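Survey of secondary and tertiary structure
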Amino acid sequence: MTTAMAPGRSTLPYIVLGAIALAIAWGLHASGLATDILRYNKDIVYLTKQHLVLVAISGSLAIVFGIAVGIWLSRPWMARWSDGVIQAVNMVTSIPTLGKLALMMSLLGIGPLPAIVGLWIATLLPIIRNTYEGIRAVPAHMVDAARGMGMSSNEILKRVELPNALFVIFAGVRTAMAVNVGTAPIAFLIGGGGLGELIFTGIDLQEHGMMLAGAIPTALLAVAVDFLFGQAQYWLVPRGVNPLRNF
Amino acid sequence: MIRLQGLSRRYSTARGTVTAVDDVTLEVTDGETCVLLGPSGCGKTTTLRMINRLVLPSSGKIFIAGRDTDGVDPVELRRGIGYVIQQIGLFPNMTVAENIGVVPRLLGWSTARSRRRAEELLALLALEPAQFLDRYPNELSGGQAQRIGVARALAVDPPVLLMDEPFAALDPINREVIQDEFLRMQQTLRKTILFVSHDIDEAVKMADRIAIFRAGKLAQFGPPDELLARPADDFVASFVGRDRTLKRLRLILVREVMVPAADGEGASGPCVSADDDLRRVASLFLEHDVETIRCVDDTGRAIGHVSRAAVAARLGSELVG
């Protein structure tokens, strides 16, 4: 009965955010900051593209690799090693992202490449962890039933383990992408470009208009990406195992 | 026919080798329900899981319809054997129709055909197809879910069913209902069933023959009445319980001990139907302190009587069954 309501509930935060954004926009307009910001029109468009490229490449590679590694760690023959690998993954996760980017710069020099690799690593880890934990949380008796009915290991993975872990995997992807989008401005510090250029330069020059010209698109992008993955999570995870769609 | 021959399963643990199943030999004929009964850890579930090769035997052989299962691809083997477990194991990401359609899909049936089959099976299990086909498991009660579990095992009409304590997680009332339904269904389906249970009452009710396990060994194998009347040893006797004679009452029908009516038979006092079992007769004996109880047909006409002596003679002398 509430299938029609549920999307309403999940989009509500975005409506609230939209209202806040409108209020801020009005405030900027009234204070005259809007004109300051719009002076950087061309920079915004150019740097947003750069920013999106950083996010898209590092994010999509992280999703593909993260899920693959998570699946691989969850296989029975990896059981002896998987705990150790996950421990290591957790340790790497605890390194601040700025530190990871600095490490990448010392390894790979400056420019977009070390930035993409740094972002990729930061994004990869929550996805690996959630994929692994999500698959491991599938009850053993369910896998037993599947095997007893004559599913091969691949069929069990495809039709039982992954669908039942999908919600948790998506949660990992959402977390990871939030980290990715939120960290991407720092890429500017190692020559990776993107909207960080306006933010950091604006701060250095105490130019509020310039800083906001970078900060506002960054914030909008973060909201948009989370909205996109939220919708994907809502629609792609089967209804029977999707807490968002249960009544 | 299923034949287990010298079947053993040993595990090596830190404290040496543990023998979970020890040299079990038994034969289940086609259309028969064989209950593997015993306390937990007696090897009954391990025995069951060796039949569909979820557990590999350490030694011994299993033949299904004369074929050594050792030489069959386990995945193929399992698709031809229905499997029901206590936790049910319905896949929560699939609807009821999809759950029932798992094996049909593995065998390459069309969606339409497997959906028709699901409808058929739901109707057979007294669940309204239109109401249940598109539900998800989290929208089912325990009893409904276990019925779907049984339907799923029957999807491709396999000749053999393996059931691992299938009704143990249900409440007693639901369990009785689903056991009765299952017995009725089995009368027409005549599957060869191996059924694991730790509940002697369930075993007596469901089984054509019961195999009692003790510490991995087969302690006794025979029809329920034989186990109850002549337990092979103290272990079996204590497992079936000191009230084993009471349990036998369920196995005997009034018509088997009834003396047909002579003319002018009395028309008062308690009465039973010829299709009741002796549990009802015994409780009437205790309740009314009478020597005989009338048997009546559907219209209430007296057709005979059951005497205490006849019941005692039946329980004392020969095996029923």
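Residues numbered from 1 in each chain as written. Chains lettered and ligands numbered in written order. Predicted model: local features only at pLDDT ≥ 70, side-chain atom pairs only at ≥ 80, totals over all residues.

This next bit is on the overall build of chain B. A count of helical and extended segments in chain B gives 15 helices and 14 strands. In terms of overall dimensions, chain B has C-alpha extents of about 65 × 55 × 35 Å along its principal axes. Counting over 321 residues, chain B shows a buried share of 40%. Taking as baseline every contact in chain B between residues at least 6 positions apart, the subset at least 24 positions apart corresponds to 64%. (Helix = DSSP H or I, 4+ residues; strand = E, 2+ residues; numbered from the N terminus. Buried ≥ 20, exposed ≤ 12 C-beta atoms within 10 Å, placed from the backbone. Contact = placed C-beta atoms within 7 Å.)

Here we come to the interface of chain B and chain A. At the interface, 19 residues of chain B touch 18 residues of chain A. When contributions to the side of chain B that touches chain A are tallied by element, the ones reaching two or more residues are helix H2 (74–79), strand S6 (81–85) and helix H4 (102–106) of chain B. Across the side of chain B that touches chain A, the residue classes break down as twelve nonpolar, five polar and two charged. (Nonpolar A, V, L, I, M, F, W, Y, C, P; charged D, E, K, R; others polar.)

This part is about the environment of Trp109 of chain B. Within the element layout of this structure, Trp109 of chain B appears in the loop between H4 and helix H5 (111–124). Trp109 of chain B has contacts with Pro104 and Ser114 of chain B, leaving out every residue within four places of it along the chain.

Residues and elements named next belong to chain B. If you trace the six strands from one edge of the open sheet to the other, you get S6-S7-S8-S3-S9-S10, paired in mixed fashion. The open sheet has two free edges, formed respectively by S6 and strand S10 (217–222), since each of these has just one partner strand. The average angle at which neighbouring strand axes cross in this sheet is 15°, direction not considered. Where S6 meets strand S7 (residues 160–164), five bridges bridge the pair, whose relative direction is parallel. Bridge pairing in S7 links Tyr83 to Leu162. (Pairing = 2+ DSSP bridges. Axes fitted to C-alpha atoms, helices over the stretch in contact; angles between N-to-C directions.)

Moving on: the pairing of S10 of chain B. Residue and element names in this part refer to chain B. As judged from the five bridges shared by strand S9 (residues 209–214) and S10, these two strands associate in the antiparallel manner. For Ile210, the partnering residue across the bridge sits in S10 and is Gly222. Connecting S9 to the next strand, S10, in antiparallel fashion are two residues, including Ala215 with a positive phi near 45°.

This next bit is on the pairing of S6 of chain B. Taking burial as the measure, the five residues of S6 of chain B include five buried ones, the bulk of the element. Covered by surrounding structure in S6 of chain B are Ile81, Tyr83 and Ile85 of chain B together with Gly82 and Val84 of chain B, the residues of both alternating faces.

Counting 118 residues, the largest nonpolar core has Leu36 and Leu194 of chain B as its most contacted members. With 13 residues, helix H6 (residues 112–136) of chain A is the largest single contributor of residues to this core. If we ignore the near neighbours within four places in the chain, the residues touching Leu36 of chain B are Lys44, Thr47, Leu48, Leu194, Phe195, Val196, Ala211 and Phe213 of chain B. Core analysis: the second largest hydrophobic core is formed by ten residues, Met258, Val272, Val281 and Cys295 of chain B among them. (Core = buried A, V, L, I, M, F, W, Y, C linked by C-beta atoms within 7 Å.)

This part is about the domain arrangement of chain B. As assigned here, chain B comprises domain 1 (2–248) and domain 2 (252–316). Computed from C-alpha coordinates alone, the two centres of domain 1 of chain B and domain 2 of chain B are separated by 36 Å. (Domains from an automatic or database assignment.)

This part covers the sheet that holds strand S1 (residues 2–13) of chain B. The pairing of strands in a sheet comes from backbone hydrogen bonds and takes either a parallel or an antiparallel form. Residue and element names in this part refer to chain B. If you walk across this open sheet you meet the four strands as S2-S1-S4-S5, and the pairing is antiparallel. Only two strands of the sheet have a single neighbouring strand rather than two, namely strand S2 (16–28) and strand S5 (67–68). Alignment of strand S4 (residues 59–64) against S5, held across two bridges, turns out to be antiparallel. Note on S5: the bridge partner recorded for Phe63 is Asp68. Docked against the sheet, helix H1 (residues 44–51) engages S1, S2 and S4, running at close to 115° with respect to S1.

A word on unusual backbone geometry. Backbone geometry at Gln206 of chain A places phi at a positive 55°, although glycine is not the residue there. With respect to the helices, strands and loops of the structure, Gln206 of chain A is situated in the loop between helix H9 (196–205) and helix H10 (208–236). Within the chain, Asp289 of chain B stands out as a residue other than glycine whose phi angle is a positive 50°.

Residues and elements named next belong to chain A. It is at 6 Å that the axes of helix H3 (residues 41–74) and H6 come closest, and there the two elements cross at 35°. Crossing of H3 against H6: the hand is right-handed. Counted by class, the contact of H3 with H6 contains 20 nonpolar, seven polar and one charged residues. (Left-handed = near helix turned anticlockwise from the far one by under 90°.)

Residues and elements named next belong to chain A. Close contact between helix H8 (residues 153–183) and H10 brings their axes to 10 Å; oriented N to C, the two are set at 170°. In terms of orientation, H8 lies roughly antiparallel with respect to H10. Residue-level inspection shows Phe167, Phe170, Val173, Arg174, Met177, Ala178, Val181 and Gly182 of H8 in contact with H10, the latter providing Leu221, Ala222, Val225, Asp226, Phe229, Gly230, Ala232 and Gln233. Its residues placed into classes, the contact of H8 with H10 shows eleven nonpolar, three polar and two charged. (Parallel < 35°, antiparallel > 145°, perpendicular 65-115°, else oblique.)

Residues and elements named next belong to chain B. With 14 residues, H5 extends 20 Å from end C-alpha to end C-alpha; this agrees with the ideal 20 Å at 1.5 Å per step. Taken residue by residue, H5 has Ser114, Arg117, Ala118, Leu121 and Leu122 as its buried positions. Projected down its long axis, H5 carries its buried residues within an arc of 135°, all on one side. Pointing more than 90 degrees away from the buried face of H5 are the exposed residues Ala112, Arg113 and Ala123. Once H5 finishes, Ala126 follows within two positions and takes phi at roughly 60°, a positive value. (Expected span 1.5 Å × (residues − 1). Arc of directions from axis to C-beta.)

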